[in-house]
Amino acid sequence: MTGAGQPEQLDVTGATAMRVAVVASLWHEEVMAGLLAGAQRALDEIAVADVRVQRVPGSFELPLAALVAARAGFDVVVALGVVVRGGTPHFEYVCATVSHGLSRVALDTGVPVGFGLLTCDDEAQAMDRAGLPGSKEDKGYEAAWAAVAAASAINRLRT
């Protein structure tokens, strides 16, 4: 159900002053290029001026990079990666560990983490979600926008 239930608009009040870190895996270069472009497009549309992109070797390294960024004072972290199912249990271990780790970063630090980790059965599914020409979805864009909107909502709760 591609895009089913997606909200039409998320409030990003105050986002232009936010510092945003984008941590992104190096694996699956073409898919990652699409995810990164989508995240940057969202942040440009929101007019976030302070964006830092840091690449890490793989998706497994995303939680630690996100934690360091959150502790370094970034208001928002966007985590982008791809894990494609193979013939071993590696897929399940990496997906579960990274998902749990990114959730822990957000809960332990109070810094919203945009979840842009694609967990796909095959390369075609990843390409369909990468925001590339012909893709059905743009998960990099969605992850960045959602994380900034979450930070905006949290800021409203604090006032």
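The structure we're discussing is the one just above.
Residues numbered from 1 in each chain as written. Predicted model: local features only at pLDDT ≥ 70, side-chain atom pairs only at ≥ 80, totals over all residues. Heavy atoms only, no water.

Helix and strand counts for the chain come out as five helices and four strands. Dimensions along the principal axes, computed over C-alpha positions, put the chain at roughly 50 × 30 × 25 Å. Burial statistics for the chain: of 159 residues in total, 43% are counted as buried. Counting contacts in the chain only where the partners sit at least 6 residues apart, residues at least 24 apart contribute 80% of the total. Accessible surface for the chain amounts to roughly 8,300 Å². Of this, 56% is attributable to carbon and sulfur atoms. In the chain, 12 positive and 18 negative side-chain charges are present, and the distance between their average locations comes to 7 Å. (Helix = DSSP H or I, 4+ residues; strand = E, 2+ residues; numbered from the N terminus. Buried < 20%, exposed > 50% of the residue type's maximum accessible area, 1.4 Å probe, protein only. Contact = heavy atoms within 4.5 Å. Areas by Shrake-Rupley, 256 points an atom, 1.4 Å probe, with all protein chains shown as cover. Lys, Arg positive; Asp, Glu negative; His and termini not counted. Charge placed at Lys NZ, Arg CZ, Asp CG, Glu CD.)

Okay, the pairing of strand β1 (residues 19-25) next. Of all seven residues in β1, six are buried, a share of seventy percent or more. Summarising the sheet, β1 and strand β2 (residues 50-56) pair through seven bridges and their orientation is parallel. Directly across from V23, in β2, lies its bridge partner Q54. In terms of handedness, the path from β1 via helix α1 (residues 29-46) over to β2 forms a crossover that is right-handed. Inspection of the sheet shows β1 paired to strand β3 (residues 76-84) by five bridges, in the parallel sense. (Pairing = 2+ DSSP bridges. Right-handed = clockwise from strand over helix to strand, strands pointing away.)

Attention now goes to the side chain of D138. Structurally, the position occupied by D138 is in the loop between α4 (123-129) and α5 (139-158). With a relative accessible area of 16%, D138 lands in the buried category. Residues contacting D138, with those up to four places away along its chain left out, are G34, G38, R41, R129, A130 and G131.

Turning next to the environment of S135. Along the chain, the position of S135 falls in the loop between α4 and α5. Once residues lying within four places of it in the same chain are set aside, the contact partners of S135 are M127, D128 and A130. A polar contact is formed between the side chain of S135 and the backbone oxygen of M127, at a distance of 2.5 Å. (Polar contact = N/O pair within 3.5 Å; in protein donor to acceptor, adjacent residues only side chain to side chain.)

Once that is clear, we can look at the sheet that holds strand β4 (residues 113-120). In a beta sheet, neighbouring strands are held together by backbone hydrogen bonds and run either parallel or antiparallel to one another. Spatially, the four strands line up as an open sheet ordered β2-β1-β3-β4, and their pairing is parallel. Sheet topology places β2 and β4 at the edges, where each strand pairs with a single neighbour. This sheet shows a mean twist of 10 degrees between the axes of neighbouring strands, independent of strand direction. On top of the sheet, helix α3 (residues 90-109) reaches β3 and β4; it is set at about 175 degrees to β4, its chief contact. In this fold α5 packs onto β1, β3 and β4, with an angle of close to 150 degrees to the strand it touches most, β3. (Axes fitted to C-alpha atoms, helices over the stretch in contact; angles between N-to-C directions.)

Okay, the pairing of β3 next. A large share of β3 lies buried, amounting to eight of its nine residues. Where β3 meets β4, eight bridges bridge the pair, whose relative direction is parallel. Residue pairing in the sheet places V77 in a bridge with V113 of β4. After leaving β3, the chain enters α3 and then returns to the sheet as β4, a path that is right-handed.

A word on the nonpolar core. Judged by nonpolar contacts, the single largest core of 31 residues is most densely connected at V20, V76, V78, L80 and V148. Those elements giving two or more residues to this core turn out to be β1, α1, β3, β4 and α5. Ignoring sequence-local partners within four residues, the contact set of L80 consists of V22, V23, A24, S25, M32, L35, L36, A39, L62, G116, G140 and A143. Within the second largest apolar cluster, 22 residues are counted, among which are A21, L67, V98 and V113. (Core = buried A, V, L, I, M, F, W, Y, C linked by side-chain atoms within 4.5 Å.)

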